[in-house]
Amino acid sequence: TKGNWVVTDIQGFDKSGNTLFYTSTVKSPKERHLQSVNLKSDKTILLNNTIGTHTSTLSPNGDFFIDQLQNTTTPREIRIVTADGKKENLVFKAENPLLGYSLGEIEMGTLSAEDGTPLYYRMIKPINFSANKKYPVVVYLYNGPHLQLVNNTWMAGSNLWMQYMAQHGYIVFSIDGRGSLNRGLAFENAIFRQAGTVEMQDQLKGVEYLKSLAYVDGSRLGIHGWSYGGFMTTSMMTRQAGVFKVGVAGGPVIDWGLYEIMYTERYMDTPEENPEGYKNANLLNYIKNLQGKLLMIHGGQDDVVLWQHSLQYLEKAIKDGVQMDYFVYPQHPHNVSGKDRIHLMDKVSRYFFDNL
């Protein structure tokens, strides 16, 4: 196959072994569709054409596949489809689980990076939205490898916490900048040896767009992310100081020299090969720039981004005379889960309520 799209999964072969089934982004980077290709003739067939994200499972003999569909208006539909895509049987259609709840309108769109690359965003507007009012914004981001936030799935890849913020009068905005998943090597490779650089440029494109909207209060912008998103939140609060009034950084990578070798050297090379890249990405170097309010959160048992990262940041902030806020979940690893997740999201929300 060829084209400017990504193969995301291999499903298997038909009985003859001549036809291969695979999932791709051929219709859109925000969607997934099943295709087949004949390995002798190169003939390719698109097997599910309905707009949205299709998750497919091929039968052991390759005669049928189960097709699960989601899009922004469809929670889930499940069909059994013949391998040629010509016959299908709808076996399940989920009801809207949020029927009767007041939800903010979800909008998806496209912006352009500095080099012209299209970037996809998602915006959730407050409940009872009025274009004549001005609203604060919380930017939720990750913008690192292996994750895509904006897609054509149920609720466009958002979660109910974002709707909770919309219920409290906030716009919630996310954009998948260069470096994030499912856009191909060139898109991901833009961050190579310079983690946190072009990603900031792309997030600032989102900010520029937000400030162009008459209903956005550009003086009340907040930002929140976890892990790579925590790294990006801290980067934006200090390397682009003054853009955001409030930040909540969870489990943040602070110094890539302390992060796991397999991941770091894939994207940054070794410290000996790329000393400038490691120096520029080390957030200990920018603490004095902090403006606004920053809350940093970490799990005391974090075995992915070690607690050492944020503890060193906290120690440097003290030595530099910089005030910030800090909270630890002593018994949790990299993600705060279970009942304590409620405590976490309440803390994050209240920090925005109190300061934004």
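Residues numbered from 1 in each chain as written. Predicted model: local features only at pLDDT ≥ 70, side-chain atom pairs only at ≥ 80, totals over all residues. Heavy atoms only, no water.

### A closer look at the nonpolar core
So the rule is basically this: Take the buried Ala, Val, Leu, Ile, Met, Phe, Trp, Tyr and Cys residues and link them wherever side-chain atoms come within 4.5 Å; each set so joined is a nonpolar core. Only protein chains enter the accessibility calculation, which uses a 1.4 Å probe. A residue is then buried if its area is under 20% of the maximum for its type, exposed if over 50%, and partly exposed in between. Contacts are assigned to residue pairs that have any heavy atoms within 4.5 Å of one another.
Of all hydrophobic cores here, the largest spans 59 residues; its most connected members are M123, F173, Y228, F231, F244, W256 and Y313. Excluding residues that lie within four positions of it along the chain, F244 makes contacts with V139, V207, L221, G222, I223, M236, M237 and Q291.

### Let's talk about the pairing of strand β2 (residues 19–24)
Let me state the cut-off plainly: Starting at the N terminus, helices and strands are each numbered in turn, a helix being any DSSP run of H or I of at least four residues and a strand any DSSP run of E of at least two. Any two strands with at least two DSSP-identified bridges between them are counted as paired.
A large share of β2 lies buried, amounting to 6 of its 6 residues. Burial along β2 is two-sided: the residues T19, F21 and T23 and L20, Y22 and S24 are all buried. Here strand β1 (residues 7–13) runs beside β2; their pairing, made up of 5 bridges, is antiparallel. Pairing of I10 across the sheet is with Y22, part of β2. Here β1 folds back onto β2 in antiparallel fashion, the turn holding 5 residues, of which G17 has a positive phi close to 80°.

### Some details on the packing of aromatic side chains
The condition is simple: In this analysis, rings of Phe, Tyr and Trp, with Trp reduced to its six-membered ring, are considered paired at centre separations within 6.5 Å, and the interplanar angle assigns stacked below 30 degrees, edge-to-face beyond 60, and tilted for intermediate values.
Evaluation of the coordinates by the stated rule reveals 17 aromatic pairs. Ring centres of F173 and Y209 lie 6.5 Å apart, and the angle between their planes is 35°; this geometry places the pair in the tilted category. Highlighted residues: F173 in strand β12 (residues 171–175) and Y209 in helix α3 (residues 198–212), separated in sequence by 36 residues. For the residue pair F173 and Y209, the accessibility class agrees, reading buried in each case. Taken together, a centroid distance of 5.3 Å and an interplanar angle of 80° make the contact between F231 and W256 edge-to-face. Remark: W256 occurs in the loop between β14 (246–250) and α5 (261–268) and F231 occurs in helix α4 (residues 228–239); sequence separation between them is 25 residues. Each member of the pair F231 and W256 is classed as buried. One aromatic cluster in this structure is built from Y142, Y228, F231, W256, Y259, Y263 and Y267.

### Some points on a nonpolar patch on the surface
Spelled out, the test is: A patch consists of residues whose relative accessible area exceeds 30% and which take part in no salt bridge; residues with like charges are grouped when within 9 Å of each other, and nonpolar side chains (Val, Leu, Ile, Met, Phe, Trp, Tyr) when within 5 Å. With residues, only the protein chains shown are counted as cover, and all accessible areas are computed by Shrake-Rupley using a 1.4 Å probe. Throughout this description, the term salt bridge denotes a Lys or Arg side-chain nitrogen within 4 Å of a carboxyl oxygen of Asp or Glu.
Nonpolar side chains collect at one region of the surface, where F64, I66, I80, V91 and F92 lie side by side and expose about 420 Å² of accessible area between them. Of all elements in the fold, only β6 (64–71) and β8 (88–93) reach the threshold of two or more residues within the nonpolar patch.

### Quick word on unusual backbone geometry
At N143, a residue that is not glycine, the phi angle is positive and equals roughly 60°. With respect to the secondary-structure elements, N143 resides in the loop between β11 (135–140) and α1 (160–167). The phi angle at H146 is positive, at roughly 80°, despite the residue not being glycine. Overall, the relative accessible area of 46% leaves H146 in the partly exposed class.

### Points about the side chain of T153
Filter applied, for reference: Here a polar contact is recorded for every N or O atom pair within 3.5 Å, except that within protein the pair must consist of a potential hydrogen donor and a potential acceptor, and residues adjacent in sequence are included only if both atoms are side-chain atoms.
Relative to the helices and strands, T153 resides in the loop between β11 and α1. Of the residues examined, T153 reaches a relative accessible area of 13% and is grouped as buried. A distance of 3.1 Å separates the side chain of T153 from the backbone nitrogen of G157, its partner in a polar contact. Contacts of T153, omitting those with residues within four sequence positions, involve T53, Q70, N71 and T72.

### Focus: helix α8 (residues 340–355)
For an α-helix, 3.6 residues make a turn, and residues three or four places apart therefore share a direction. Counted only if it meets this: Expected helix span is given by 1.5 Å per residue-to-residue step, counting one fewer step than there are residues. Along the arc lie the directions from the helix axis toward the C-beta atoms.
Here α8 is 16 residues long and its end C-alpha atoms lie 23 Å apart, about the 22 Å a rise of 1.5 Å per residue gives. Every buried residue of α8 is listed here: L344, M345, V348, S349, Y351, F352 and N355. Looking straight down α8, one finds that the buried residues subtend no more than 155° of arc, so they occupy a single side. Exposed side of α8, more than 90 degrees from the buried face: I342, R350 and D354 are the residues found there. In the core, the buried residues of α8 are packed alongside β11, α1, β13 (216–226), β14, β15 (293–299) and β16 (325–329).

Read these as layout, nothing more, since geometry by itself doesn't imply function.
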